[in-house]
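# Architecture at a glance
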Amino acid sequence: MNFDLTPEQDQLRDAVRALGRRYGHDYFVRKAKAGEHTTELWHEAGRLGYLGVNIPTEYGGGGGGITELALVCEELAAAGCPLLLLVVSPAIAATVITKHGTEEQRKKHLPGLADGSQKIVFAITEPDAGSNFHRLGTVARRDGDDWLVSGRKVYISGVDEADHVLVVARTEDSATGKLKPALFIVPTDAPGLEKSRLDMEILSPENQFLLYLDDVRLPADALVGESLDAGLPALFAGLNPERITVAAMGAGTGRYAIEKASDYTTTRKVWGGRSIGSHQGVAHPLAHAAVQVELARLMIQKAAALYDAGRDLEAGVSGNMAKYAAGEAAALAVDTAVQALGGAGMTTEYGVATLLGAVRAGRIAPVSREMILNFVAQHVLGQDKSY
């Protein structure tokens, strides 16, 4: 059992850390408050090859796996720049297309995803069904050689920045008449597709949208894969990378918060010239948060290694556990950092309260902590399904 990164992974981590720190949290906050996107950081990360580390080399990527992409997500977040679209574009969309897309789809989309010139976002969640694909109301039906897709999606990240959206719909199986999931690559400017921005209490340069699809006409080659049989495996191919990279982003955010708080508490002196960090009432909560973040990082490393080894069932368990652990640890770390800084913790200047909304959302999305506990209870502990 080896917990050391390879030399190449070490170099990647160091390089991404340097890039993230050159931009920093001030840049992230400034962009978010101005209603702008982190375009400069995204394009530079793409030019340097960091966005495509998990994409095969024959399509312009780095040839690595989710382990490498998790490093990118974590280090940018640890520099105060947690980029949500790393999760939906390189982690979900690129993985789905790599593993289950047609060769034409790979050639068309993967090079742009690798260099950052193209973004594909992901649409599964619906107002009535949540992320339960068994109850999805978005339906695709045949119309000659084309598809017509209708439905609604909610909490869809970054639609205003993307060229395409990967839409999860349901189609009718001609053999059984039953509905089965299918994924479609939909241009964001397609006729019949409308978006409405959602006002969120989260400081983020990436926006959330409600999507309306009203008989959006798509050519046959918009369907991911060679046939409808690709739908279910393609869907699950994207969910484990999503959980692992979201967890990595949470762990990086936790590291950032603890570092900011530690820098403050070692230099802030109030009582008798001693640093406030010398008092256990300040030091112990920070130490506890640091332990939780490190434990989450270990589970992320395990989940990514299992996924890259092709052990999907085990990666599903570990990915869910990693997402749970990192969500809890990030929320704890940011809250503890705010408390340690006192009034300064609530200012924009010190850069920790600016993350409160994001880490709270991390306990809800992309899968809630309660649903992860349901999953673990059922699939690890053998308990009866509770819902």
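Residues numbered from 1 in each chain as written. Predicted model: local features only at pLDDT ≥ 70, side-chain atom pairs only at ≥ 80, totals over all residues. Heavy atoms only, no water.

## Regarding the side chain of His109
- The residue His109 is located in helix H5 (residues 103–115) in this model.
- If we skip the residues at most four places from it in the chain, His109 touches Ile97, Gln118, Ile120, His164 and Ile185. (Helix = DSSP H or I, 4+ residues; strand = E, 2+ residues; numbered from the N terminus. Contact = heavy atoms within 4.5 Å.)

## A look at helix H7 (residues 280–308)
- Between its first and last C-alpha atoms H7 spans 41 Å; for 29 residues at 1.5 Å apiece the expected length is 42 Å, and the two agree.
- Within H7, the full set of buried residues consists of Leu286, Ala289, Val293, Ala296, Ile300, Ala303, Ala304, Leu306 and Tyr307.
- Those residues of H7 that are buried are in contact with helix H3 (66–78), helix H4 (85–100), helix H6 (231–267) and helix H8 (312–341).
- Positive phi shows up at Gly310, right after H7, with a value of about 80 degrees. (Expected span 1.5 Å × (residues − 1). Buried < 20%, exposed > 50% of the residue type's maximum accessible area, 1.4 Å probe, protein only.)

## Regarding the nonpolar core
- Membership of the largest hydrophobic core comes to 113 residues, with the highest contact counts inside it found for Phe122, Val165, Phe184, Val186, Leu211 and Ile300.
- The biggest single contributor to this core is H6, with 14 residues. (Core = buried A, V, L, I, M, F, W, Y, C linked by side-chain atoms within 4.5 Å.)

## Observations regarding the pattern of salt bridges
- The tally for this structure, following the rule as stated, stands at 26 salt bridges.
- Salt-bridge contacts for Asp14 lead to Arg17; the nearest nitrogen and oxygen are separated by 2.9 Å. Remark: Arg17 and Asp14 occur in helix H1 (residues 7–33); sequence separation between them is 3 residues, near one turn of the helix.
- A residue is classified by how much of its surface remains accessible, and Arg17, at 23% relative accessible area, is partly exposed.
- Linking Lys119 and Glu161 is a salt bridge whose minimum nitrogen-to-oxygen distance equals 2.8 Å. Linking Lys119 in the loop between H5 and strand S1 (120–123) with Glu161 in the loop between strand S3 (146–157) and strand S4 (164–172), this pair joins segments that are 42 residues apart in sequence. (Salt bridge = Lys/Arg side-chain N within 4 Å of Asp/Glu carboxyl O.)

## Concerning unusual backbone geometry
- Note that the residue after Ala365, namely Pro366, is joined by a cis bond; omega there is 0 degrees.
- The backbone phi angle of Tyr155 is positive, close to 60 degrees, even though this residue is not glycine.
- Topologically, Tyr155 is positioned in strand S3.

## Looking at the domain arrangement of the chain
- The domains assigned to the chain are domain 1 (7–119), domain 2 (122–228) and domain 3 (232–381).
- The gap between the C-alpha centroids of domain 2 and domain 3 is 30 Å.
- At the interface, 11 residues of domain 2 touch 10 residues of domain 3.
- Both faces combined, the contact of domain 2 with domain 3 buries some 760 Å², and carbon together with sulfur accounts for 80% of it. (Domains from an automatic or database assignment. Buried area = accessible area lost by both parts, 1.4 Å probe.)

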